[in-house]
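Descriptive analysis of the structure
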Amino acid sequence: MDNIDGIDMVNDFLDAAYKCKPHNLEPLLQKIELKIKNSDHTDKTLLRAKMIVTSKLALYYSK
């Protein structure tokens, strides 16, 4: 059952990465990085969420 909860949480991070407003990107990135750091294995979905947030931050700061 924990695995299903973990998958749901990772998918929540991915959804948040797509929908996040610019002023909430940095806190979301910190949460994602903490989750990656504390996980036993590398989750591709978490890495994808991190990439999305990082890309959005780069775009936001380039304007």
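Predicted, not measured: the structure shown is a model, and the values here were computed from it. (Residues numbered from 1 in each chain as written. Predicted model: local features only at pLDDT ≥ 70, side-chain atom pairs only at ≥ 80, totals over all residues. Heavy atoms only, no water.)

**Observations regarding the packing of helix α2 (residues 25-38) against helix α3 (residues 44-62)**
Here α2 crosses α3 at 155°, and the two axes come no closer than 10 Å. In terms of axis orientation, α2 runs roughly antiparallel to α3. Pair α2 / α3 crosses with left-handed handedness. Residues Leu25, Glu26, Leu28, Leu29, Ile32, Glu33, Lys35 and Ile36 of α2 lie in contact with α3, whose contacting residues are Leu46, Leu47, Ala49, Lys50, Val53, Thr54, Lys56, Leu57 and Tyr61. (Axes fitted to C-alpha atoms, helices over the stretch in contact; angles between N-to-C directions. Helix = DSSP H or I, 4+ residues; strand = E, 2+ residues; numbered from the N terminus. Parallel < 35°, antiparallel > 145°, perpendicular 65-115°, else oblique. Left-handed = near helix turned anticlockwise from the far one by under 90°. Contact = heavy atoms within 4.5 Å.)

**Concerning the environment of tyrosine 18**
By secondary structure assignment, the location of tyrosine 18 is in helix α1 (residues 2-19). The class of tyrosine 18 is exposed, set by a relative accessible area of 52%. As for tyrosine 18 and valine 53, which are separated by 35 residues in sequence, their C-alpha atoms are 7.8 Å apart. Not counting residues up to four positions away in its chain, the partners in contact with tyrosine 18 are Ile52 and Lys56. (Buried < 20%, exposed > 50% of the residue type's maximum accessible area, 1.4 Å probe, protein only.)

**Focus on α2**
The first and last C-alpha atoms of α2 sit 20 Å apart over 14 residues, in line with the 20 Å expected at 1.5 Å per residue. Residues of α2 that are buried: Leu25, Leu28, Leu29 and Ile32. Viewed end-on, α2 has its buried residues packed into an arc of 100°, placing them on one side of the element. What points out from α2, more than 90 degrees from its buried face, is the exposed set Gln30, Lys31, Lys37 and Asn38. (Expected span 1.5 Å × (residues − 1). Arc of directions from axis to C-beta.)

**Quick word on the pattern of salt bridges**
Applying the stated criterion across every chain, the model contains 1 salt bridge. Between glutamate 33 and lysine 50 there is a salt bridge whose closest N-O contact spans 3.6 Å. Here the residue glutamate 33 occupies a position in helix α2, and lysine 50 occupies one in helix α3, the gap between them amounting to 17 residues. According to the relative accessible area criterion, lysine 50 is partly exposed, its value standing at 29%. (Salt bridge = Lys/Arg side-chain N within 4 Å of Asp/Glu carboxyl O.)

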